[in-house]
Amino acid sequence: SGTLYVVATPIGNLQDITHRALDVLAAVDWVAAEDTRHTRPLLQNFAINQNLISLHEHNESERSEQLLQRLLAGENGALVSDAGTPLINDPGYVLVKRLRQAGVAVVPVPGASAVITALSAAGLPTDRFTYEGFLPAKSSKRLQQLTLLVEEPRTLVFYESPHRLLDSLADMAQVFGEARQIVVARELSKQFEQFVSGEFHEVVEYFSANRDKVRGEFVLMVQGFEQTSQSSQQSDYDPLIKTLMKQK
Ligand code: SAM
């Protein structure tokens, strides 16, 4: 059978497409795209004329079966989303899962993703992080979700839309505390790219005062929970550690 290539596309700056992505996109028999109206001009920009097939959250199950049959018949295909890496808060999971079950080769063609791009320049710890995608749209559900993350020690990464930015920041400040560090990355790789960082109250003040900056695409990164020296002294592990030390 053929191969499905999962191809990352730029998150803003078209120069971020890779040589390999262009080679693969030109060579395959078809390209499954989240929105063909979006992908056609992207490919045309690189002089690639392809057979585009739509694959979005409303037709993914049905489409996956059709694409599986085509791959089993020996065709090669590519999967792209509107921006960045497919499956990262974009369609593709149902398809990739189905192909893996069926033993069809799935090959990733790496490239941009907003989560990694944002972390790479934020200045928050990146040795461990947790990607949370989009928070729920409703404030009650959002607060509930955030409450589960209060003592998470890893850096937290969220995607957010401009019309929910201020509400989400306010809910986060309430749950995590005004003094926690946050970095907001806006319009990555584009003309108005910007990083705004500081304690919650500072960042909330900035965006409240600069409504013209509440525009475009955002990644929110929150410093993980730090145990104070006082609480670590009360740790349950202390007696165990002392016992282990004596045995040495
Ligand atoms: N698949 C994409 C990826 O790999 O990052 C994510 C798709 S998700 C539907 C779209 C969200 O990603 C946006 O709402 C925003 O939170 C984030 N995002 C995508 N491009 C961005 C950019 N250039 N700057 C900042 N955030 C971006």
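Residues numbered from 1 in each chain as written. Predicted model: local features only at pLDDT ≥ 70, side-chain atom pairs only at ≥ 80, totals over all residues.

A closer look at the sheet that holds strand E10 (residues 218-222)
Point 1. Spatially, five strands are ordered E6-E7-E10-E8-E9 in an open sheet, and the strand pairing comes out mixed. For this open sheet the edge positions go to strand E6 (129-134) and strand E9 (194-199), each flanked by a neighbour on one side alone. Going from strand to strand, the sheet's axes swing by 15° on average, the running direction of each strand aside.
Point 2. Of the strand pairs in this sheet, E6 and strand E7 (residues 155-160) are connected by four bridges, and their pairing is parallel. (Pairing = 2+ DSSP bridges. Helix = DSSP H or I, 4+ residues; strand = E, 2+ residues; numbered from the N terminus. Axes fitted to C-alpha atoms, helices over the stretch in contact; angles between N-to-C directions.)

Examining the site of the ligand
Point 1. Near the ligand lie 23 residues; those nearest to it are Gly 84, Ser 113, Ala 114, Tyr 159 and Leu 188.
Point 2. Looking at the shell around the ligand, its residues break down into 10 nonpolar, eight polar and five charged. (Near = placed C-beta within 6 Å. Nonpolar A, V, L, I, M, F, W, Y, C, P; charged D, E, K, R; others polar.)

Some points on helix H7 (residues 165-176)
Point 1. Taking 1.5 Å per residue as the helical rise, H7 with its 12 residues ought to reach 16 Å, and the 16 Å between its terminal C-alpha atoms agrees with that figure.
Point 2. Those residues of H7 that sit buried are Leu 165, Ser 168, Leu 169, Met 172 and Phe 176. Looking down the long axis of H7, one finds its buried residues gathered within 100° of arc, a one-sided arrangement.
Point 3. Looking at the packing, one finds that the buried side of H7 touches helix H6 (139-147), E7, helix H8 (200-209) and E10. (Expected span 1.5 Å × (residues − 1). Buried ≥ 20, exposed ≤ 12 C-beta atoms within 10 Å, placed from the backbone. Arc of directions from axis to C-beta. Contact = placed C-beta atoms within 7 Å.)

Observations regarding the confidence of the model for the protein
Point 1. Per-residue confidence for the protein gives a mean pLDDT of 94; residues scoring 70 or more make up 92%.
Point 2. Here residues 231-235 scores under 50 on pLDDT; set against residues more than four positions off or in separate chains, the count is one contact.
Point 3. Here the prediction assigns the complex a pTM of 0.92, and the interface score ipTM is 0.99. (pLDDT = per-residue confidence, 0-100.)

Regarding the pairing of strand E4 (residues 77-80)
The side chains of a regular strand alternate between the sheet's two faces.
Point 1. Every second residue of E4 is oriented toward a common face, with Gly 77 and Leu 79 on one face and Ala 78 and Val 80 on the other, all of them buried.
Point 2. As judged from the four bridges shared by strand E2 (residues 30-33) and E4, these two strands associate in the parallel manner. Bridging across to E4, Ala 32 finds its partner in Leu 79.

Considerations on the packing of H6 against H7
Point 1. The interhelical angle for the contact between H6 and H7, taken along N-to-C directions, is 40°, at an axis separation of 10 Å. One element, H6, and the other, H7, form an angle in the oblique class. For the crossing formed where H6 meets H7, the hand is right-handed. Between H6 and H7, the residues in contact are Ser 139, Arg 142, Leu 143, Leu 146 and Thr 147 and Asp 167, Ser 168, Asp 171, Met 172 and Val 175, respectively. (Parallel < 35°, antiparallel > 145°, perpendicular 65-115°, else oblique. Left-handed = near helix turned anticlockwise from the far one by under 90°.)

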